[in-house]
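# Understanding the architecture of this molecule
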Amino acid sequence: MLATLICVPALFACSDATTEPANKVDASAAMKDVANEKMGNKAAEDNARAEITEGSSDMASGVDYHSFSNPDEVRVTHLALALSANFDTQQLSGSATLKVERTDPKYNELILDTRALKIETVTVNGEAVPFTLGETDVDLGTPLSISLPENANQVTVNYATSPSASGVQWLTPAQTAGKKHPFLFTQAQAVHARSFIPLQDSPQVRVTYEATIKTPPSLLAVMSAANDPQTKRDGEYTFTMPQPIPSYLIALAIGDLQFKAMGERTGVYAEPALLESAAKEFEDTEAMLEVTEETYGPYQWDRYDLLILPPSFPFGGMENPRLSFITPTVIAGDKSLVSLIAHELAHSWSGNTVTNATWRDLWLNEGFTTYLTYRIMEMIYGHERFKKEAVLGYQDLQNDIAALEQNDEILAIDLRGRNPDDVFSNIPYEKGALFLRELEQKVGRENFDAFLMQYFEDFAFKSITTDTFIDYLDETLLKQYPEKLDAERIQQWIFEPGIPEGAPKPESDAFTKIDDTRSAWLSGDVKAADIETAQWTVHEWLYFLNNMPESLTDKQLTALDTAFSLTETQNNEIAHSWLMIAVANEYKPAYERLYSYLVSIGRNKLVKPLYRTLSQTPEGKAFAKKAFEEAKPGYHPLTIRANEGFVN
Ligand code: BES
Ligand code: ZN
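Keep in mind that this is a model prediction, so the values were computed, not measured. (Residues numbered from 1 in each chain as written. Chains lettered and ligands numbered in written order. Predicted model: local features only at pLDDT ≥ 70, side-chain atom pairs only at ≥ 80, totals over all residues. Heavy atoms only, no water.)

## Quick look at the coordination of the zinc ion (ligand 2)
Note on metal geometry: ideal angles are 109.5 degrees for four donors arranged tetrahedrally and 90 or 180 degrees for six donors arranged octahedrally. Bound to the zinc ion (ligand 2) on the protein side are His343 (NE2), His347 (NE2) and Glu366 (OE), at distances that span 2.0 to 2.1 Å. Linear spacing of the donor residues for the zinc ion (ligand 2) on their chain is H-x3-H-x18-E. With histidine 343 in helix α7 (residues 339-346) and glutamate 366 in helix α8 (residues 362-381), this pair connects stretches of sequence that are 23 residues apart. Side by side, histidine 343 and glutamate 366 carry an identical accessibility label, which is buried. (Donors = N, O, S within 2.8 Å, 3.2 Å for Na, K, Ca; no water. Helix = DSSP H or I, 4+ residues; strand = E, 2+ residues; numbered from the N terminus. Buried < 20%, exposed > 50% of the residue type's maximum accessible area, 1.4 Å probe, protein only.)

Here you go:
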């Protein structure tokens, strides 16, 4: 196969962040731009920070503009956590012990990222040492500097989190399914691990970890680590994560959780009330795992379990290794929304095994994962469903491109001076996936699959930049298929806004029929009640609704609602599409549902477009404000931040 394509780390600057100091890796003359490739190099970083203030447009590849840490000088390689969860004070408190390695004996300062942490004491090799907290940045938190005596290799920080930690949500019993026990979950991506652990919070630093977590005895703790489903529920839980992972994948949840196996390597943790329905909805997870391994190489993480969170979880899912965190809003009863599971599973390859080195390179995580998601869905559910999902994804992308600033349509986005949370869009996802689909179509599926399998092997447990990927492409696919690919086109995909002309355009015959049906209904040729919808899947419904004209009459809205009970739909995605139409047209019979939807769901992707559209009229804004104020105590900090601007 691709025997010549083995990655030579020095050539491709595949920084082995676990063991290799990054500057050593970069010492190759073969690098296109050595100065630019300096992963986390402190001098480059200082320069780059100065550039932000000076407004220069030179951006250094591989520099993490979202961490204060100095892994190029002193690198953390292992983390031992000992934390107690206090639900009364809403604090995690205890210690983080970091194993550190200096890249050169002359470096004697360790800089950690923190955010709103109360630092009690710091010890180095068991001895108390002084420490300094620097100036706080609203987005990045506060650097914690610790001077290291000679031979220091172990640093312990005793600390407590703030009740309003940006990466932790504490839920009251009323906010859970069972209503009897409190719940806690963390969400570290992108820059929130530092709000519950003092560490080098950069995706180019990988650590192994172990943890002891104390909880009220009736609750179970789970982590993005080896979890023992048979563990005794006694309020003290221990974990180990033997594979090195970036900090944004460290995760903890505590609640009244039970486990049910779905397959040999897959299972689900959920509150008892949701356990059976979740296990049924996601029963194809094991099959997904198997086909992904067959196509892209071995699963590196032992078990793959799901954790179903309360509805305030701000994302659809989060790929925490061995244990993806999943919103309950995708339990639809008919597996119609399980592409989310394929997505989080796919991250086990693209993201968790091969990791973006900085948040600018997020598309390496999300674009590859979105491409893999489509492929997994096709392998499990067939070509028709794949085509429909690809069209829906493409339309999401088109809508974003219509709305975004050109600079935000670039895959390798300039995030200097910005909070990664504020730049969330379909660009890294769907544009990234479309780019890979074009490569696939040009070189052929089989060849592209072989390329990806090799890519995952060559960069396993490494954090890489966009430039490293481009260099790799140059040395591999471009050399193999010079007549099919060209470097300029690749540059265009990665560094220019919009969708390049001639890009693949997903199509679905099933949807052409839906277009005809919609037109016939809009022109009055067919009555809503006479539309034959018995065979429609959720995808048909979404396509039918998402492509309605901007304004509909009350009569039309009533006809649709009467025929299909859309206001009552139990599918959260269909409800979202319908409520968007209702808001745009001020269709009041749906507003009660709209209100309860907004106060019961915290998944940002579902609520933000509704708040945004509501905020466009004074009356809508007043309604949004009321819902937001009621929902706010139950919303995650990220959902609050993303939406408060619409109601104030
Ligand atoms: N890793 C992301 C979530 C994320 C991205 C959190 C960037 C913070 C910063 C996760 O895998 C994801 O993409 N979730 C999507 C899934 C969807 C595209 C299927 C979501 O939550 O909507
Ligand atoms: Zn993702």
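## Re the pairing of strand β7 (residues 142-147)
In terms of burial, β7 is largely enclosed, as 5 of its 6 residues are buried. Pairing of strand β3 (residues 109-114) with β7, which is carried by 6 bridges, proceeds in the antiparallel orientation. Of the residues in β7, the one forming a bridge with glutamate 109 is serine 147. Taken together, the 3 bridges between strand β6 (residues 131-133) and β7 define a ladder with antiparallel strand orientation. By the bridge assignment, phenylalanine 131 is partnered in β7 with isoleucine 146. (Pairing = 2+ DSSP bridges.)

## Observations regarding the packing of aromatic side chains
Applying the stated rule across the entire model yields 37 aromatic pairs. Judged by centre distance (5.8 Å) and plane angle (80 degrees), the ring pair of tryptophan 363 and phenylalanine 469 falls under edge-to-face. One end of the pair, tryptophan 363, is in helix α8; the other, phenylalanine 469, is in helix α12 (residues 466-475), and 106 residues separate them in sequence. For the residue pair tryptophan 363 and phenylalanine 469, the accessibility class agrees, reading buried in each case. The ring centre of tyrosine 381 lies 4.5 Å from the NZ or CZ of arginine 385, which sits over that ring. The cationic tip of lysine 588 hangs over the ring face of tyrosine 591; the distance from NZ or CZ to the ring centre is 5.5 Å. (Phe/Tyr/Trp six-rings, centres within 6.5 Å; stacked < 30°, edge-to-face > 60°. Lys NZ or Arg CZ within 6 Å of the ring centre and 35° of its normal.)

## Let's talk about the UniProt feature "binding site: Zn(2+)" (unreviewed entry) in the chain
Mapped onto the present numbering, the UniProt feature "binding site: Zn(2+)" (unreviewed entry) falls at His343, His347 and Glu366. In terms of the greatest pairwise C-alpha distance, the residues named above, spread along 24 residues, form a tight cluster of at most 8.9 Å across. Discounting chain neighbours no more than four positions away, the residues touching histidine 343 are Glu366, Thr369, Thr370, Thr373 and Tyr429. The class for glutamate 366 is buried, based on a relative accessible area of 3%. Apart from residues no more than four positions distant in its own chain, glutamate 366 is found in contact with Gln189, Glu319, His343, His347, Pro428 and Tyr429. (UniProt positions renumbered as here; feature names shortened; annotations may be inferred. Contact = heavy atoms within 4.5 Å.)

## Here's the deal with the domain arrangement of the chain
Here the chain is described as being made up of domain 1 (1-66 + 346-507), domain 2 (73-256) and domain 3 (509-647). Each side of the interface is counted separately: domain 1 has 30 residues, and domain 2 has 23 residues. Of the roughly 2,100 Å² buried between domain 1 and domain 2 on both sides combined, carbon and sulfur atoms contribute 51%. Inspection of the domain 1/domain 2 interface yields 0 salt bridges. For the interface between domain 1 and domain 2, the tally reads 14 residue pairs in polar contact (both at pLDDT 80 or more). Sorting the residues of the side of domain 1 that touches domain 2 by element identifies α4 (42-54), β20 (354-356), α8 and β21 (462-464) as the ones contributing at least two each. Top contributing element to the side of domain 1 that touches domain 2 by residue count: α8, with 3 residues. A per-class count over the side of domain 1 that touches domain 2 returns 10 nonpolar, 13 polar and 7 charged. (Domains from an automatic or database assignment. Buried area = accessible area lost by both parts, 1.4 Å probe. Salt bridge = Lys/Arg side-chain N within 4 Å of Asp/Glu carboxyl O. Polar contact = N/O pair within 3.5 Å; in protein donor to acceptor, adjacent residues only side chain to side chain. Nonpolar A, V, L, I, M, F, W, Y, C, P; charged D, E, K, R; others polar.)

## Structural notes on the pairing of strand β14 (residues 252-255)
The side-chain alternation of β14 yields two buried faces, one formed by Leu252 and Ile254 and the other by Ala253 and Gly255. In this structure, strand β10 (residues 183-186) lies alongside β14, joined through 2 bridges in antiparallel fashion. Looking across to β14, one finds that leucine 184 is bridged to isoleucine 254. Pairing of strand β12 (residues 220-223) with β14 involves 4 bridges; the strand directions are antiparallel. When the bridges of β14 are listed, leucine 220 appears paired with glycine 255.

## Some points on the sheet that holds strand β2 (residues 91-102)
On the basis of which strands lie adjacent, the open sheet formed by 7 strands has the order β5-β4-β8-β2-β1-β11-β13 and mixed pairing. The open sheet is flanked by β5 (127-129) and β13 (236-246), the only strands paired with a single partner. Going across the sheet, the axis of each strand differs from the next one's by a mean of 20 degrees, ignoring polarity. With 7 bridges joining them, strand β1 (residues 74-86) and strand β11 (residues 206-214) adopt parallel strand pairing. Within β11, the position partnered with leucine 81 by the bridge is alanine 211. (Axes fitted to C-alpha atoms, helices over the stretch in contact; angles between N-to-C directions.)

## Some words on the packing of α8 against helix α11 (residues 445-458)
Relative to each other, α8 and α11 sit at 130 degrees, their axes nearing to 13 Å. Overall, the two elements α8 and α11 adopt an arrangement that is oblique. Relative to α11, α8 is oriented so that their crossing is left-handed. On α11, the residues that touch Leu364, Phe368, Tyr371, Leu372, Arg375 and Glu378 of α8 are Arg445, Phe448, Asp449, Leu452, Tyr455 and Phe456. By residue class, the composition of the contact of α8 with α11 is 8 nonpolar, no polar and 4 charged. (Parallel < 35°, antiparallel > 145°, perpendicular 65-115°, else oblique. Left-handed = near helix turned anticlockwise from the far one by under 90°.)

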